[in-house]
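Residue-level listing of the chains:
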Amino acid sequence: MRSMIRNEGFRSFFKGSVAHIWVHGPSAALSWMSYEFFKDKIHSFTSSTGNGSSHTQMPLGMQSGVKLVLEQVLASTLCAIVTCVATNPLDIAKTRLQTGFQHVEKVSSSKSAIVSKSRFEPEIIQQIRLLVKNEGWHALGKGMVPRLGMMIPFMIVESVIYELALSVSKR
């Protein structure tokens, strides 16, 4: 910690904070918006196809409770996939900014320089632009599988707890 303060100053503790907001603001908005969208679509689909109660031995109240939780799990999984795919490029750029990784842009054949900050282009957008330029479009998908492995269970737990708290608050 002392070396961080000595080498980079107190601001080093907040490196990437703006990039974090750039990632998690849109991620949260897209996540809950897509969760509600998928939940409504799944519920309307399962309601129109019948509940299949003649093939189960559970009481009707328990069937509807299990059905609702399964709808929430499916909606959560789909929303996590959509959110991960849409925000992964921002997450890659955020991680690179926080770890100090910067692409170097060639100025001439013998010189190179770190990309200068533009007043009009945020640092995270510069990082994405240079990532595509230097590594190709496929680089925007780096780390998506582990990120999905983290996001899907998190969103399932978060949405089920949210729905439970919502139903308890309505009583």
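Let me begin by describing the structure that accompanies this report.

Analysis parameters
Residues numbered from 1 in each chain as written. Predicted model: local features only at pLDDT ≥ 70, side-chain atom pairs only at ≥ 80, totals over all residues. Heavy atoms only, no water. Helix = DSSP H or I, 4+ residues; strand = E, 2+ residues; numbered from the N terminus. Buried < 20%, exposed > 50% of the residue type's maximum accessible area, 1.4 Å probe, protein only. Areas by Shrake-Rupley, 256 points an atom, 1.4 Å probe, with all protein chains shown as cover. Salt bridge = Lys/Arg side-chain N within 4 Å of Asp/Glu carboxyl O. Expected span 1.5 Å × (residues − 1). Phe/Tyr/Trp six-rings, centres within 6.5 Å; stacked < 30°, edge-to-face > 60°.

What follows concerns the overall build of the protein. Secondary structure assignment for the protein yields 5 helices and 2 strands. Walking the protein from its N terminus toward its C terminus, one meets helices and strands in the order α-α-α-β-β-α-α. Within the protein, the fraction of its 171 residues that count as buried is 30%. Total accessible area on the protein stands at roughly 11,400 Å², and carbon and sulfur atoms take up 66% of it.

A few words now on the pattern of salt bridges. Overall, the coordinates contain 6 salt bridges when judged by the stated rule. E163 is the partner of K39 in a salt bridge, and the nearest nitrogen-oxygen pair spans 2.8 Å. Residue K39 is located in helix α2 (residues 17-48), and its partner E163 is located in helix α5 (residues 144-169); the two are separated by 124 residues in the primary sequence. Note on accessibility: K39 and E163 belong to one class, buried. Between K142 and E135 there is a salt bridge, and its shortest N-O distance comes to 2.6 Å. With relative accessibility at 22%, the residue E135 sits in the partly exposed group. Sharing partners across several salt bridges, the network here consists of E36, K39 and E163.

By the secondary structure assignment, M1 is in the segment before α1 (2-8). Each C-alpha atom, one on M1 and one on F13, is 9.0 Å from the other, the two residues being 12 residues apart in sequence.

A separate point is α2. With 32 residues, α2 ought to run about 46 Å at 1.5 Å a step, and its terminal C-alpha atoms sit 46 Å apart, in line with that. If you check which residues of α2 are buried, you get A19, V23, S27, L30, S31, S34, Y35, F38, K39, I42 and T46.

The next thing to look at is the packing of aromatic side chains. Throughout the structure, instances matching the rule amount to 3 aromatic pairs. When the ring of W32 is compared with that of Y35, the centres are 5.6 Å apart and the planes differ by 85 degrees; the resulting orientation is edge-to-face. You can see W32 and its partner Y35 sitting in helix α2, 3 residues apart, about one turn around the helix. With 5.4 Å between their ring centres and 70 degrees between their planes, F37 and F38 make a pair best called edge-to-face. Since its relative accessible area comes to 46%, F37 is described here as partly exposed. Using a relative accessible area of 18% as the deciding quantity, one classes F38 as buried. In textbook terms, an aromatic cluster arises when at least three aromatic residues are bridged by ring pairs, as seen for W32, Y35 and Y162.

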